Amino acid sequence: MFRHTKYHLRKHSFGSRVFFYILSFLIIATLAIYLESGFKTIDLSKIFLIFKDVSITQLLLYSGYTFLRLCAAYFVSLFLALLVVFVVTRHKKVENFLVPIFDILQSVPVLAFFPLIIVVFAQLHLAELAAQLVLVIAMFWSILFGALGGLHLIPEEIFDAARVYNAKGIQMFFKVILPAIFPQLVTGSILSFGEGWNVIIISEYINYGNIQISLPGLGNLLSVSAGYNIGLFIASLLVLVALILIVDRLVWHRLTEFGERFKFE
Amino acid sequence: MKIILENIYKNYDKQEILRDVDLSIDSGEFVCIVGESGSGKTALLKIVAGLIEPSKGVVHADDQSAMVFQSSALLPWLTVKQNVSFPFMVQGLDTPKKQIEQLLSELGIKSLEKRYPKELSGGQKQRVGLARAMAVKRKILLLDEPFSALDIKIAEELYSLLLGLWRTNKLTVLMVSYSIEEAVFLADRVVIMDKGKIRREITIDLKRPRQKEDPIFRKYVEHIQAIVDN
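First, a word on scope: everything that follows refers to the structure included in this document. (Residues numbered from 1 in each chain as written. Chains lettered and ligands numbered in written order. Predicted model: local features only at pLDDT ≥ 70, side-chain atom pairs only at ≥ 80, totals over all residues. Heavy atoms only, no water.)

**Quick notes on empty space enclosed by the protein**
Residues and elements named next belong to chain B.
- Counted according to the given criterion, the structure contains one cavity of 30 Å³ or more.
- The computed volume of the largest cavity comes to approximately 40 Å³.
- Those elements that place two or more of their residues in the lining of the largest cavity are β8 (189-194) and α8 (215-229).
- Among the elements that line the lining of the largest cavity, the one with the most residues is β8, at three residues. (1 Å grid on protein atoms, 1.4 Å probe; cavity = no way out; pocket = protein on both sides within 12 Å on 5 of 7 lines; lining within 4 Å. Points joined across faces, edges and corners; volume = space filled by probe spheres on them. Helix = DSSP H or I, 4+ residues; strand = E, 2+ residues; numbered from the N terminus.)

**Observations concerning the layout of surface pockets**
Residue and element names in this part refer to chain A.
- Put simply, the largest pocket is a space of about 660 Å³.
- What lines the largest pocket is a set of 22 residues, and nearest its centre among them are Tyr21, Leu238, Val239, Val241 and Ala242.
- Elements with a contribution of two residues or more to the lining of the largest pocket: α2 (14-36), α3 (56-90) and α11 (230-259).
- Of the residues belonging to the lining of the largest pocket, the class tally is 18 nonpolar, two polar and two charged.
- Considered as a void within the structure, the second largest pocket measures approximately 410 Å³ in volume.
- Residue lining of the second largest pocket: 16 residues in total, with Thr89, Phe159, Arg163, Met172 and Ile177 positioned closest to the centre.
- It is helix α8 (residues 169-180) that provides the largest number of residues to the lining of the second largest pocket, a total of four residues. (Nonpolar A, V, L, I, M, F, W, Y, C, P; charged D, E, K, R; others polar.)

**Remarks on the pairing of strand β5 (residues 65-68) of chain B**
Residue and element names in this part refer to chain B.
- Of the two faces of β5, the one lined by Ser65 and Met67 and the one lined by Ala66 and Val68 are each fully buried.
- One ladder, built from four bridges, connects β5 with strand β6 (residues 140-144); its direction is parallel. Along β6, the bridge assignment pairs Ala66 with Leu141. (Buried < 20%, exposed > 50% of the residue type's maximum accessible area, 1.4 Å probe, protein only. Pairing = 2+ DSSP bridges.)

**Concerning the packing of aromatic side chains**
- Following the criterion strictly, the structure yields 21 aromatic pairs over all chains and no others.
- On the basis of an interplanar angle of 65° and a centroid distance of 5.4 Å, the ring pair of Phe193 of chain A and Trp252 of chain A is categorised as edge-to-face. Separated by 59 residues along the polypeptide, Phe193 of chain A in helix α9 (residues 182-204) and Trp252 of chain A in helix α11 bring together distant segments of the chain. Each member of the pair, Phe193 of chain A as well as Trp252 of chain A, carries the same accessibility label: buried.
- Pairing Phe30 of chain B with Trp166 of chain B gives two aromatic rings, centres 5.5 Å apart and planes at 75°, and the pair type is edge-to-face. Separated by 136 residues along the polypeptide, Phe30 of chain B in strand β3 (residues 30-35) and Trp166 of chain B in helix α6 (residues 152-169) bring together distant segments of the chain. As far as the burial class goes, Phe30 of chain B and Trp166 of chain B line up, both buried.
- Linked through ring pairs, Tyr74, Phe75, Phe193, Trp197 and Trp252 of chain A together constitute an aromatic cluster. (Phe/Tyr/Trp six-rings, centres within 6.5 Å; stacked < 30°, edge-to-face > 60°.)

**Brief notes about a nonpolar patch on the surface**
All names here are of chain A.
- A cluster of nonpolar side chains, contributed by Leu116, Val119, Val120, Leu124, Leu126 and Leu129, occupies part of the molecular surface with about 520 Å² of accessible area.
- The leading source of residues in the nonpolar patch is helix α5 (residues 114-123), at three residues.
- By secondary structure assignment, the location of Leu124 is in the loop between α5 and α6 (127-153). (Patch = residues over 30% accessible without salt bridge, like charges linked within 9 Å, V, L, I, M, F, W, Y side chains within 5 Å. Areas by Shrake-Rupley, 256 points an atom, 1.4 Å probe, with all protein chains shown as cover. Salt bridge = Lys/Arg side-chain N within 4 Å of Asp/Glu carboxyl O.)

This is how it looks when you write it as structure tokens:
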């Protein structure tokens, strides 16, 4: 029978986490050397040499671009999702009409919109807007369905209590509905950001027929370095993973904990 | 503050929940509605509160009503004090801080003002629900089975509190109760509902404070129980 020991129940200390990160890095770097040698040798003395062409400034700058791009797309998606929720709360029939349409649309892969987006935006030389659109299409649904799901979890008596005291429109939305769906918004946002990380590579480096759209960012670095510059590829990948972990610990983890207060019993 | 219900009908999903309900409640009167579940008690209360529209009929009420809910309906992200201030907050009005402080003391929840609903017992939550209802100073108080989830000792403490508030604030009270004993203990008049209609109205001619062991009290309970059962 499995028994929890102190070791199992202990949270990993900061030191042990750093150790695991360094170990992961060394394993990835070793594999990269092995890959670069054409699966022949592993020369550990080359472990840092593969990063000789990597510019830390460029990596940090491109991480910033990627993160800002994702944040911009996230806030646009959040705004649009909340707008839909606001309309749905005002007109119940709209939900019955819109949700089946959204259900179909969200199952269409983001790549299906690619030809249209590329043709339109490449012609107009609006690469950043094309990337934003790709990201928003990918990120919007998780927030929207999270919020709509949260709306159905609000007990009817809460709405009644608010209505008895004349809550209407904007006040009802901001003082009752928005806080009430906060935990589901956080969950939806985590999934949405996950989708964002997934499509960041294709949104920053679009190569379609004769059209090429290239934007500064980690996704771009990963795309252009793959198969050509193994050091840059690994460094970009590691920075991307680090960025995801940092955002998770500093933002989502804290918001999830904070959201517990908003849950109904 | 009188409440008059005239010829009220309510249909929902082709089902008749209320039919031909006429009820008049005098200013300062305490009326309790009892009946089996599905008899239309809560629907009637919600119609008086303005939460649902009757399919037919008219409601006359001299004032807007305040309401206490079965689940207390407190907002989990607000503290006790913020929940009591909620009626002002949700209308974008300034909170009368002194009045709220006084109300918290009156209802014995001043020491809990910074706590969140999750940190409160069932009885404490209902005290907060009552304080929230009293904060708006409306003269009509509606209660939807507020004590049904509480044990009898806590419920009895809240009966005294409610009767005190009713008397000092000269409220008109309409309460839905699952318990006939509770209704006889509290009300001036008990309205018995069955299948969406008012079946009987019984005036409780007993002085307060009422004793549950009093033979006349028991007779009222048995009489109303017999009407509900038949």
